[in-house]
Amino acid sequence: MTGTAGRRVCVLGAGIVGSAAAHALARAGWRVTLVDAHARAGQGASKANGGQLSYSYVEPLATPAALRSLPRWLLSADSPLRWKPRAEAAHLRWLLQFMAACRGPQVRSTTDALLGLSFLSREVLHRWLDEIPGLRAEARHARPGKLVVFRDPGQRDAARRQIDWQRRHGCDQRLVDAAGCVALEPALAATGGGPIAFGVWTADEEVADAARLADGLARASGATLLLGRAALALEPHARGGRDGRIAALRCADGLTVEADHFVLAGGPAASSLLRPLGMALPIEPIRGYSVTLPIVDDGAAPRASITDSARKLVHARLGDRLRVAGFAELCGPHPVVDRRRIAALCAAVDRTFPGACDLSDPAPWAGLRPATPSGRPMVGATRRPNLWISAGQGALGLTLAPGSAALLAALMDGRDPPV
């Protein structure tokens, strides 16, 4: 695109979703300003997430199985899911919408949409990795494959049905027995996490460090980076003028950023900016945890990405570190680190891959995944003519960010959407 008249865009949020949006819009000819409260891109919900690029594993949290498991999860102290009820109308609405989204037909529809977006993401990310010098190494991007380990043999038929259904959508997966799991990932031979019943192997799944990728994309975009500046308010044009368009972003330090268009990509924080405008997002901040452990025994640590389906834990090797992440807590908008969760992650690593990692300094982290009730992200226009959104990617933020960015750029340019 040539010219810049009317093509100034301010992107709010420099996590992996916002940084990817800034990069895609800059490539499309927009003059981009990227704003974030942190001093460096990727330091919020992207800082230490699970690290798995799970293109074929996009089934939402809201499923019939999750609904059936809710009572057991909520009553167990070490459950992968924890809920602290809040007497807030938005929270209660989200819970009701979540339960409604657990119906089988809606789950299939959502999964269809997410698979299309995830495959677009893979295509876009690979293009960027090829184009931006050094980004692949900087982001610790690799393609080690992914093995989902099941310890309950009763889940085999359901897993086979899921594989058959996803094959029709272009996923290349196969069921392997316990011996096949160990052959694919020898580090599982020493597991003390209980006997392995079977696994699902996807050879083309990938890993990356979301924080490093976000930072690399932000810098490569050529956008004006206004980092370390907290967004305070979106200011509309004067009453009655320009159909409710947004005129500027006001930051907490007094800086005002004017633009022709604005993109909200700040996850849970986006709601606080919309509320004064009489708008709301059906987004719940779901807290997750991770540890990042130095690998001290190379042979004892996994090379493939490993997901433990029983414990809902993911393991991703990022260079000489093992990132282990899990848990989902609906406990409000505060990324507080629960030391019991960190201890549980370390104990699981010690059982599953004994001796592989130094557990003395686990780099504990908690972050807020911005989740919609159905699991389908919100990408596109709002009722304000120049206000756009890319949010609600939830636990799939790293996987879906490049595709969401490409979709947003197409919509803002008036082009046919790629998915």
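Up top is the structure.
The rules behind each value
- Residue indices follow the written sequence of each chain, beginning from 1 at its first position.
- Restriction of local features to residues with pLDDT of at least 70 applies here, the model being predicted, together with a cutoff of 80 or more for giving and counting side-chain atom pairs; totals for whole chains, interfaces and linings are based on all residues.
- Heavy atoms from the whole structure form the basis of all side-chain values; hydrogens and water molecules are not counted.
- A pair of cysteine sulfur atoms is labelled a disulfide when the two atoms are within 2.5 Å.
- Exposure classes here rest on a 1.4 Å probe applied to the protein chains alone. A residue is buried below 20% of its type maximum, exposed above 50%, and partly exposed in between.
- When DSSP finds at least two bridges between two strands, those strands are taken to pair.
- By the criteria applied, helices consist of DSSP H or I runs no shorter than four residues and strands consist of E runs no shorter than two, each listed in order from the N terminus.
- Angular values range over 0 to 180 degrees, each being the angle between N-to-C directions of two axes fitted as lines to C-alpha atoms, with helices fitted over their stretch in contact.
- Salt bridges are defined by distance alone: a side-chain nitrogen of Lys or Arg within 4 Å of a carboxyl oxygen of Asp or Glu.
- Any angle that falls under 35 degrees is termed roughly parallel, while one over 145 is termed roughly antiparallel, one within 65 to 115 roughly perpendicular, and all others oblique.
- Whether two residues are in contact is decided by their heavy atoms, any of which lying within 4.5 Å being enough.
- Each residue receives one of three labels: charged for Asp, Glu, Lys and Arg, nonpolar for Ala, Val, Leu, Ile, Met, Phe, Trp, Tyr, Cys and Pro, and polar for the others, Gly being one of them.
- Contacts described as polar in this section are N or O atom pairs within 3.5 Å, which, within protein, must combine one atom able to donate a hydrogen with one able to accept it, while residues neighboring in sequence count only if both atoms come from side chains.
- Two aromatic rings from Phe, Tyr or Trp, using only the six-membered ring of Trp, form a pair when their centres are within 6.5 Å; if the ring planes differ by under 30 degrees the pair is stacked, by over 60 it is edge-to-face, and anything between is tilted.
- Throughout this description, the term charge over a ring refers to an Arg CZ or Lys NZ atom that lies within 6 Å of the ring centre and within 35 degrees of the ring normal.

### Concerning the state of the cysteines
In step 1: If you walk through the whole model with that rule in mind, you get zero disulfides.
In step 2: Just so you know, Cys-251 is unpaired, no disulfide at all, and the nearest cysteine sulfur is the one on Cys-10, 7.3 Å from it.
In step 3: When its relative accessible area of 2% is taken as the criterion, Cys-251 is described as buried.
In step 4: The cysteine Cys-346 is free of any disulfide, with Cys-357 supplying the nearest cysteine sulfur at 9.2 Å.

### Digging into the sheet that holds strand 12 (residues 256-258)
In step 1: Reading across from one edge, 10-11-12 is the order of the three strands in this open sheet, with antiparallel pairing throughout. Both outer strands of the open sheet, strand 10 (231-236) and strand 12, are each paired with one neighbouring strand and no more. Each strand axis lies, on average, 25° off the axis of its neighbour in the sheet, ignoring direction.
In step 2: As paired elements, strand 11 (residues 246-251) and strand 12 share three bridges and run antiparallel to each other. Across the sheet, residue Ala-248 finds its bridge partner in strand 12, namely Glu-258.

### Focus on the pattern of salt bridges
For side chains of opposite charge, pairing can occur when their charged atoms come near one another.
In step 1: With the rule as written, the count across this model stands at 30 salt bridges.
In step 2: Note that Glu-88 is salt-bridged to Arg-86, the shortest N-O span being 3.4 Å.
In step 3: For Asp-204, the salt bridge goes to Arg-122, with nearest N and O atoms at 3.3 Å. Placement of Asp-204 in the loop between strand 7 (198-202) and strand 8 (206-207) and of Arg-122 in helix 4 (residues 104-131) is noted, with a sequence separation of 82 residues between them.
In step 4: Exposure remark for Asp-204: the relative accessible area of 27% places this residue in the partly exposed category.
In step 5: One connected set of salt bridges, linked through shared partners, spans Arg-82, Arg-287, Glu-329, Asp-338, Arg-340 and Arg-341.

### So, the packing of helix 4 against helix 11 (residues 397-413)
In step 1: For the pair helix 4 and helix 11, interaxial distance at closest approach is 7 Å and the crossing angle is 85°. Judged by the angle between their axes, helix 4 and helix 11 are roughly perpendicular. Across from Leu-114, Leu-117, Ser-118, Leu-120, Ser-121, Val-124, Leu-125 and Trp-128 in helix 4, the residues of helix 11 making contact are Thr-399, Leu-400, Ala-401, Pro-402, Gly-403, Ser-404, Ala-405 and Ala-406.
In step 2: When the residues that make up the contact of helix 4 with helix 11 are grouped by side-chain class, the tally is eleven nonpolar, five polar and no charged.

### Some points on helix 8 (residues 210-220)
In step 1: Extensive coverage of helix 8 is indicated by the burial of eight of its eleven residues.
In step 2: Among the residues of helix 8, those classed as buried are Ala-210, Ala-211, Leu-213, Ala-214, Asp-215, Gly-216, Leu-217 and Ala-218.
In step 3: Those residues of helix 8 that are buried are in contact with helix 1 (16-27), strand 2 (31-36), helix 4, helix 5 (135-138), strand 9 (224-227) and helix 11.
In step 4: The N-capping residue of helix 8, defined by a side-chain oxygen 3.1 Å from the backbone nitrogen of Ala-211, is Asp-209.

### Details of the packing of aromatic side chains
In step 1: This structure, assessed with the given rule, holds three aromatic pairs.
In step 2: When the ring of Trp-94 is compared with that of Phe-98, the centres are 5.4 Å apart and the planes differ by 15°; the resulting orientation is stacked. Highlighted residues: Trp-94 and Phe-98, both in helix 3 (residues 89-101), separated by four residues, approximately one helical turn. Here Trp-94 matches Phe-98 in class, with each residue buried.
In step 3: Look at Tyr-289 and Phe-327: their rings are 6.3 Å apart centre to centre, the planes differ by 75°, and that puts the pair in the edge-to-face class. Of this pair, Tyr-289 sits in strand 14 (residues 284-294) while Phe-327 sits in strand 17 (residues 321-330), and the two are 38 residues apart along the sequence.
In step 4: Among the residues examined, Phe-327 registers a relative accessible area of 9% and is labelled buried.
In step 5: Its guanidinium or amino end placed over the ring of Tyr-57, Lys-146 lies 4.3 Å from that ring's centre, counting from NZ or CZ.

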